[in-house]
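Structure at a glance
Chain by chain, the residues run as shown.
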There are 2 protein chains.
Amino acid sequence: MKILVDAMGGDHAPQAPVEAAVRAVKELDVEIVLVGNTAVIKNELSKYEYPQEKITITNAPEVISNHEEPVKAVRTKKGASVVVAANMLRNGEGDAMLSMGSTGALLSAGLLIVGRIKGILRPAIGTVLPSAKGPKLLIDAGANTNCKPENLVQFGIMGSVYMKNVLRVDSPKVGLMSIGEEEGKGDELTKKTFSKLKAAPVNFIGNIEGRDVMEGTADVMVCDGFVGNVVLKTVEGMGHVIGRQLKNLFMKNLRTKIGALFVMDGVNEFKKMMDYREYGGALLLGCKKPVIKGHGSSDSLAVFSAIRQAKMFVETDVISGITKSLENNITE
Amino acid sequence: MKILVDAMGGDHAPQAPVEAAVRAVKELDVEIVLVGNTAVIKNELSKYEYPQEKITITNAPEVISNHEEPVKAVRTKKGASVVVAANMLRNGEGDAMLSMGSTGALLSAGLLIVGRIKGILRPAIGTVLPSAKGPKLLIDAGANTNCKPENLVQFGIMGSVYMKNVLRVDSPKVGLMSIGEEEGKGDELTKKTFSKLKAAPVNFIGNIEGRDVMEGTADVMVCDGFVGNVVLKTVEGMGHVIGRQLKNLFMKNLRTKIGALFVMDGVNEFKKMMDYREYGGALLLGCKKPVIKGHGSSDSLAVFSAIRQAKMFVETDVISGITKSLENNITE
């Protein structure tokens, strides 16, 4: 299996993608193509020992920044790492692609170059979040605003296949993010979506609320990309603030530092549970080939997790699963 | 000053409202009218000593549950505690009202009985949330779905007045909840709202994102009630789950229990920061008189905080402030 990694995207590129690629070819039985500026990547790679035949480089001299208009950038910058990788994926020169760069650029490359699965109206970003009941999928986490009910139904279908195949959840519970548990509660979009999700080929458990995100009530949390993005960033932000507060609490004085020693194991366990790096990247679900979006601030552990996730995505054939589920969807 | 307290609403009624009323008349220089079943309230009051002339009871034999259709219930159940209290408020038999009961019923009573401030299109729920930079206001936290830009502008105006008057924030920063910092980012609603908020008589700082909620970037976080309710409940739910995990962490074994003793002060300080009970209730902003919604699970401390908040709401004349700001709003 060959995974295409955008070596230029993200806050810690090229160091993090390169280090993760080296670890991946040693531990995961994959080959990696690093896409980006050849000279820069070669220089970074020279710091490591690894089985040389398992990492190749494809030159891509251009970069798309977070501030560029993504569709235009993808159309005009043919030499950008994300564009080169997407073309390779489409042409079968790799089995999955991963980028830590601009989300908009990756979305556009996924849509315009890799293409949608037949029948999928809008691909969506699925993000794995920690919860009291283990990892759960939030979809759409920001690819689409102003969605229609048909979009949300497809998000539920795609999310179910991912949770079933990759995270081995038997009959994943699909919840519709709303503001009240009863069927009649919500806004125009969720009210119209409710009956369609009941008829869809998923295990629909009804409306869920914000409090269910961290409780882990549903395996797949379905929502419009505006709502999903706000939820995702609220959870991330709260995680940061609480983590900082706890650290300050423990480092306050000698007394608290001694206390910290006694509870360190538990604190680390807790931090691990809340650490997005353990859960891999976000998924652009609905494209013809696996496209993974790593967090912009990914360090090499996070990139490594995302590569492992890309491998699982390919091995468990999520794309075929989505195609089959779409055929069973009688809601449209 | 006379505050009308619905003694029958909430998980801990009548115990919590009655205990809070007793504490309030002793400490806050207010009079309280307890509205509800007279016999039940009398029985509960008999457990306390207090200045008798400062607490009166108005009989209201009916109750509206969370499961009733609120508008219909408010129209038909004339003897419901929330309806009786709203009528008293309208008639000047009290300066503010507080209920821990059904949000929908309180909203309907506020709209149909107390009435809107002239010019306000839709009253909204403002909720005070903790953040790394102190308490901040989220508005709308669930009163209105499918809002228009004009609604969001008014939420920003009302929230500003509240933060300025009650929480003494000089020139409160108003942020528009969106999914990207730049002006062009967001959904149809936020894109249209952005320019109107720039022209409104508020200190508009532009778009904010989910991560800004806990960081406390804006003093007033403006959003549609669907988004706001999801954010509010996500934050509450995450607070619960993390609190539970930390407790388990500290209570795990003798070693961790010893550790807990060393950091207890800090943990309690942290818990206090995250405790919604310290921040009072939510506010129904846009009604002609102050209407406060206490959390359904309020204990007597939470009800007491909400009574103090109601007093501040009256004393700082938030309603006149809103009326004046509306006159300066040239965005419509």
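Residues numbered from 1 in each chain as written. Chains lettered and ligands numbered in written order. Predicted model: local features only at pLDDT ≥ 70, side-chain atom pairs only at ≥ 80, totals over all residues. Heavy atoms only, no water.

**A closer look at the sheet that holds strand β8 (residues 203-208) of chain A**
Residue and element names in this part refer to chain A. Filter applied, for reference: Being paired, for any two strands, means DSSP has found at least two bridges between them. Counting from the N terminus, the helices are DSSP H or I runs at least four residues long and the strands are E runs at least two residues long. In this analysis, axes come from line fits to C-alpha atoms, helices being fitted only over the stretch in contact, and the angle between any two N-to-C directions falls in the range 0 to 180 degrees.
Taken in spatial order, the 11 strands line up as β3-β2-β1-β4-β11-β10-β5-β6-β9-β7-β8 in an open sheet, and their pairing is mixed. Every interior strand has two partners, whereas the edge strands, β3 (55-59) and β8, have only one. Averaged over all neighbouring strand pairs, the angle between strand axes comes to 25 degrees, with direction disregarded. Examined bridge by bridge, strand β2 (residues 31-36) and β3 share five bridges and lie parallel to one another. Following the sheet pairing, L34 is matched in β3 by I57.

**Focus on the pattern of salt bridges**
This is how the line gets drawn: Every case where a carboxyl oxygen of Asp or Glu lies within 4 Å of a side-chain nitrogen of Lys or Arg is listed as a salt bridge. Only protein chains enter the area calculation, which uses a 1.4 Å probe; residues under 20% of their type maximum are buried, those over 50% are exposed, and those in between are partly exposed.
Under the definition given, this model contains 22 salt bridges over all chains. With a shortest N-O distance of 3.0 Å, R23(A) and E27(A) are connected by a salt bridge. With a gap of four residues between them, R23(A) and E27(A) both fall in helix α1 (residues 15-27), about one helical turn apart. Residue E315(B) is joined to K311(B) by a salt bridge in which the shortest nitrogen-to-oxygen separation is 3.5 Å. A residue pair is termed a helical-turn pair when its members lie 3 or 4 positions apart in one helix, as E315(B) and K311(B) do in helix α11 (residues 300-315) at four residues. Exposure remark for E315(B): the relative accessible area of 48% places this residue in the partly exposed category. The class of K311(B) is buried, set by a relative accessible area of 17%.

**Topic: the interface of chain B and chain A**
For clarity, the cut-off: Contacts: residue pairs with any heavy atoms within 4.5 Å of one another. By buried area we mean how much accessible surface two parts lose on assembly, using a 1.4 Å probe and totalling the loss over both. Polar contacts, as counted here, are pairs of nitrogen or oxygen atoms within 3.5 Å of one another; within protein the pair requires one atom able to donate a hydrogen and one able to accept it, and residues that are adjacent in sequence qualify only if both atoms are side-chain atoms. In this count, Pro and Cys sit with the nonpolar residues alongside Ala, Val, Leu, Ile, Met, Phe, Trp and Tyr, while Asp, Glu, Lys and Arg are called charged and the others, Gly among them, polar.
Facing 52 residues of chain B, the contacting portion of chain A comprises 52 residues. Looking only at chain B, the three residues that lose the most surface to chain A are F226(B), M238(B) and F262(B), adding up to 15% of its buried area. Taken together, the links from chain B to chain A amount to four salt bridges. Across the pair K233(A) and E209(B) runs a salt bridge, and its minimum N-O distance is 2.4 Å. Put simply, chain B and chain A have eight residue pairs in polar contact (both at pLDDT 80 or more) between them. Those elements giving two or more residues to the side of chain B that touches chain A turn out to be α7 (188-199), α8 (211-215), α9 (225-250) and α10 (254-274) of chain B. Top element by residues in the side of chain B that touches chain A is α9(B). It accounts for 19 residues. A breakdown of the residues in the side of chain B that touches chain A according to their chemical character gives 25 nonpolar, 15 polar and 12 charged.

**Here's the deal with the relation of the copies chain B and chain A**
Defined as follows: Copy-to-copy superposition: least squares on the C-alpha atoms, limited to residues that have pLDDT of at least 70 in both copies.
For the pair chain B and chain A, the relating rotation is 180 degrees, the translation along its axis is 0.0 Å, and the fit reaches an RMSD of 0.1 Å. Such a combination of turn and shift is consistent with a two-fold rotation axis. Taking the C-alpha atom as reference, chain B places G259(B) closest to the rotation axis, 2.1 Å from it. Both copies present the same face, since 100% of the interface residues in chain B are matched by interface residues at the equivalent positions in chain A.

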